[in-house]
Amino acid sequence: MRITIFSKLFISILLGSLFMVIGMSWMINHSFKIGLQSYINEKETEKIAVIATALPQYYDSQAGWRELESDPYLWHELFIAIGEPPPRRRPFMEFDEPRPNRQKPSVSQRPLSHRVYLTDQSHDWVIGHDSPPTSNDDPVTSIPITESGTTIGWLNIQHPNTITDRLVESFYAQQMKNMVWIISLAGFGSFIIAILLVRHFLMPLKQLNKTAVALTKGDFTCQIPTQGHDEFSKLSRAFNLLTTSLREQKKTREQWITDISHELRTPLSVLQGELEAIQDGIRQPEPKHIDSMHHQVRVLSKLVEDLYQLSLSDSGAFRMNFSDTNLTHLLEMQSRNYEHRISDKGLKLTREYHAESPVIVWGDDKSLSQLIGNLLENSFRYTDANGQIRISMQDFDQRVEFHIEDSSPSVDKDALPYLFDRLFRIDKSRSRQYGGAGLGLSICASIVHMHNGKISAKPSELGGIIVIVSLNKHKPNDHE
């Protein structure tokens with residue numbers, strides 16, 4: 001049989017509450033019983049203390065306690081004086097013989113006068129109790145009897161360990177009856193509280209289960225109401241963030257598929273149109289038509305390659321060989337590769353770094369070369385003729401920054417945060433004209449991320465944009 005978490009929590013809280021109430025009741029009962037018995041013993045001790053103050057008149061320095069021993073009625077009068085009944089019989093008389101087969105009553109069953117006895121200064125029994133007690137189970141209180149500063153004897157009382165006296169027993173029984181009612185009411189209260197608490201605690205879990213079921217059905221709009229700051233509230237907030245993230249990922253994935261389909265459709269449509277025109281005899285397979293189709297194939301190949309690299313980056317399968325890499329050498333090499341193309345377009349390339357001074361970073365030279373090449377390609381494509389491209393670098397203690405900036409046209413400030421998003425293009429028609437699919441800067445962001453670096457873009461003083469890349473100079477563990 002499957003036991004639900006409701007039953008487990010309910011039984012745990014209920015049993016815990018009952019055990020606590022019963023345990024507290026037992027301890028209170030025990031403490032009350034001991035306290036009441038102690039109070040009774042103290043009262044009895046106060047009574048016999050009065051007898052102790054009257055006993056010195058019966059003591060003689062020569063004869064000792066013989067007067068009290070010879071006249072037991074004097075012992076009776078001492079108890080009458082304090083309002084206690086004297087012993088019913090005189091077990092201390094020599095001629096009094098005990099009855100055969102009579103069971104001796106316990107200490108708790110004896111009145112006060114039958115539990116008090118007198119001993120001399122050597123603790124030898126004189127009068128009172130049947131005989132000096134031989135059991136140590138019941139406590140004995142001894143009050144010294146003094147005369148002229150000298151102890152002449154001891155008045156002893158044997159206290160019972162259990163409650164005696166009918167009035168006291170009745171009071172104790174009434175308290176026990178009240179305790180039973182208290183335990184019953186507390187148990188019922190624990191039952192109600194356990195139900196309410198379990199329902200309160202399990203409500204977020206029920207809502208969590210309901211939302212999880214909705215997620216499995218593709219509904220990413222469900223949110224769990226949250227209040228407070230306990231663990232359930234934190235779990236609900238984390239689950240709400242998960243649903244929001246899944247909803248955004250779904251939206252991004254759908255947009256991603258739509259954009260890729262659109263990017264693939266354009267060159268494929270051009271290729272299909274060119275080939276059908278040649279097949280129908282409208283066009284001849286001349287070099288210019290073949291070059292046009294070749295260009296579209298190159299666009300497709302570049303798009304597929306970029307998508308492949310991004311997929312490798314997302315899956316973590318993009319392998320890099322990290323080592324000390326001369327960033328100056330990479331910048332110089334890539335800028336020389338683009339120098340001729342930039343010059344043909346009428347652009348001016350400016351280098352603001354020392355080509356002979358190596359700057360070492362921790363990275364993969366192949367991917368860093370691709371990073372620099374993509375940034376230069378982006379500036380080359382989208383900078384107007386007779387413009388300028390500038391490369392600079394700043395060397396700090398633990399990191400290196402290099403900047404690639406260009407002249408107009410610039411980008412709206414609202415669009416700058418989205419430059420590194422996949423398939424994002426400000427002017428889609430213009431971007432497609434230059435063969436861009438909006439993946440170059442996304443690949444740059446992935447490469448920088450795999451190097452534990454930072455990349456950002458902002459307006460440039462030249463009139464275009466400036467891309468800032470920050471890379472670590474050493475291994476991440478070297479300076480932790």
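In the block above lies the structure referred to throughout.
Residues numbered from 1 in each chain as written. Predicted model: local features only at pLDDT ≥ 70, side-chain atom pairs only at ≥ 80, totals over all residues. Heavy atoms only, no water.

**Q** Lay out the sheet that holds strand E2 (residues 125–127) in plain terms, naming residues and giving numbers.
**A** The sheet built from four strands is open, its strands ordered E2-E1-E4-E3 with antiparallel pairing. Every interior strand has two partners, whereas the edge strands, E2 and strand E3 (140–147), have only one. If you compare each strand with its neighbour and ignore which way they point, the axes differ by 35° on average. Relative to strand E1 (residues 116–120), helix H3 (residues 72–81) is tilted by about 125°, and along the sheet it contacts E1, E2 and strand E4 (150–158). (Pairing = 2+ DSSP bridges. Helix = DSSP H or I, 4+ residues; strand = E, 2+ residues; numbered from the N terminus. Axes fitted to C-alpha atoms, helices over the stretch in contact; angles between N-to-C directions. Contact = heavy atoms within 4.5 Å.)

**Q** Could you give me a rundown of the nonpolar core, with the residues and numbers involved?
**A** Within the largest apolar cluster, 37 residues are counted, with the highest numbers of intra-cluster contacts made by Leu371, Leu375 and Phe402. Among the elements of the structure, helix H7 (327–344), helix H8 (365–381), strand E8 (388–395), strand E9 (399–407), helix H10 (440–450) and strand E11 (463–472) are those that each provide at least two residues to this core. If near-sequence neighbours (up to four positions away) are discounted, Leu375 is found in contact with Phe402, Ile404, Leu441, Cys444, Val467 and Val469. Counting 23 residues, the second-largest nonpolar core is a separate cluster that includes Tyr58, Ile127, Ile152 and Leu155. (Core = buried A, V, L, I, M, F, W, Y, C linked by side-chain atoms within 4.5 Å. Buried < 20%, exposed > 50% of the residue type's maximum accessible area, 1.4 Å probe, protein only.)

**Q** With reference to specific residues and values, describe the pattern of salt bridges.
**A** Evaluation of the coordinates by the stated rule reveals 13 salt bridges. Here Arg351 makes a salt bridge to Glu332, at a shortest N to O gap of 3.7 Å. Taken as a pair, Arg351 in strand E6 (residues 348–352) and Glu332 in helix H7 lie far apart in primary sequence, 19 residues in all. For Arg351, a relative accessible area of 28% gives the class partly exposed. (Salt bridge = Lys/Arg side-chain N within 4 Å of Asp/Glu carboxyl O.)

**Q** Lay out the sheet that holds E6 in plain terms, naming residues and giving numbers.
**A** In spatial order, the strands read E6-E8-E9-E11-E10; together these five strands make up an open sheet with mixed pairing. Edge strands, defined here as strands with exactly one partner in the open sheet, are E6 and strand E10 (454–459). Going across the sheet, the axis of each strand differs from the next one's by a mean of 15°, ignoring polarity. In this structure, E9 lies alongside E11, joined through eight bridges in antiparallel fashion. From the neighbouring strand, Phe402 faces E11, where its bridge partner is Val469.

**Q** Go over H3, please, and point to the residues and values.
**A** Three or more residues of H3 are buried, namely Pro72, Leu74, Trp75, His76, Leu78 and Phe79. Positive phi shows up at Gly83, right after H3, with a value of about 85°.

**Q** Outline the pairing of E9, supporting the account with residue identities and numerical values.
**A** The buried fraction of E9 amounts to eight of the nine residues, a majority that puts the element mostly inside the structure. Here E8 runs beside E9; their pairing, made up of seven bridges, is antiparallel. When the bridges of E9 are listed, Asp395 appears paired with Val400. Taking the residues that link successive antiparallel strands as the turn, the E8-E9 hairpin has three residues.

**Q** Tell me about the side chain of Thr350, and name the residues and values.
**A** For Thr350, the location among the structural elements is in strand E6. Among the polar contacts listed, one links the side chain of Thr350 to the side chain of Gln388, at a separation of 3.3 Å. When sequence neighbours within four positions are dropped, the list of residues in contact with Thr350 reads Gln388, Ile389, Arg390 and Ile391. (Polar contact = N/O pair within 3.5 Å; in protein donor to acceptor, adjacent residues only side chain to side chain.)

**Q** So what's going on with a negative patch on the surface? Residues and values would help.
**A** A cluster of acidic residues, Asp60, Glu67, Asp71, Glu77 and Glu147, forms a negative patch at the surface. Structurally, Glu147 is set in strand E3. Note on Glu147: relative accessible area 35%, which makes it partly exposed. (Patch = residues over 30% accessible without salt bridge, like charges linked within 9 Å, V, L, I, M, F, W, Y side chains within 5 Å. Areas by Shrake-Rupley, 256 points an atom, 1.4 Å probe, with all protein chains shown as cover. Lys, Arg positive; Asp, Glu negative; His and termini not counted. Charge placed at Lys NZ, Arg CZ, Asp CG, Glu CD.)

**Q** Let's hear about the environment of Asn374: which residues, and what values?
**A** If you trace the backbone, Asn374 turns up in helix H8. Among the residues examined, Asn374 registers a relative accessible area of 18% and is labelled buried. Along the chain, Asn374 and Gln334 lie 40 residues apart, while their C-alpha atoms are 9.8 Å from each other. The residues touching Asn374, leaving out its near neighbours within four places in the chain, are Gly440, Ile443 and Cys444.

**Q** Can you tell me about the packing of aromatic side chains, naming the residues and giving the values?
**A** Tallied over the entire structure, the rule returns two aromatic pairs. Look at Tyr59 and Trp65: their rings are 5.0 Å apart centre to centre, the planes differ by 55°, and that puts the pair in the tilted class. Of the two residues, Tyr59 and Trp65, neither departs from the other in class, the shared state being buried. Ring centres of Trp75 and Phe79 lie 5.3 Å apart, and the angle between their planes is 75°; this geometry places the pair in the edge-to-face category. With Trp75 and Phe79 both in helix H3 and four residues apart, this pair spans about one turn of that helix. There is no split in this pair, since Trp75 and Phe79 are both buried. The side chain of Lys345 reaches across the aromatic face of Phe380, ending 5.0 Å from its centre. (Phe/Tyr/Trp six-rings, centres within 6.5 Å; stacked < 30°, edge-to-face > 60°. Lys NZ or Arg CZ within 6 Å of the ring centre and 35° of its normal.)

**Q** Run through the packing of H7 against H8, naming residues and quoting values.
**A** Each pair of packed helices can be summarised by the angle the axes make with each other and by the distance between the axes. Where H7 contacts H8, the two axes come as close as 10 Å, and the packing angle between them is 35°. Read as a crossing pair, H7 and H8 show a hand that is right-handed. Of the residues in H8, those in contact with Leu327, Leu330, Leu331, Met333, Gln334, Ser335, Tyr338, Arg341 and Ile342 of H7 are Asp365, Leu368, Ser369, Ile372, Gly373, Leu376, Glu377 and Phe380. Taken together, the residues of the contact of H7 with H8 sort by class into 10 nonpolar, four polar and three charged. (Left-handed = near helix turned anticlockwise from the far one by under 90°. Nonpolar A, V, L, I, M, F, W, Y, C, P; charged D, E, K, R; others polar.)

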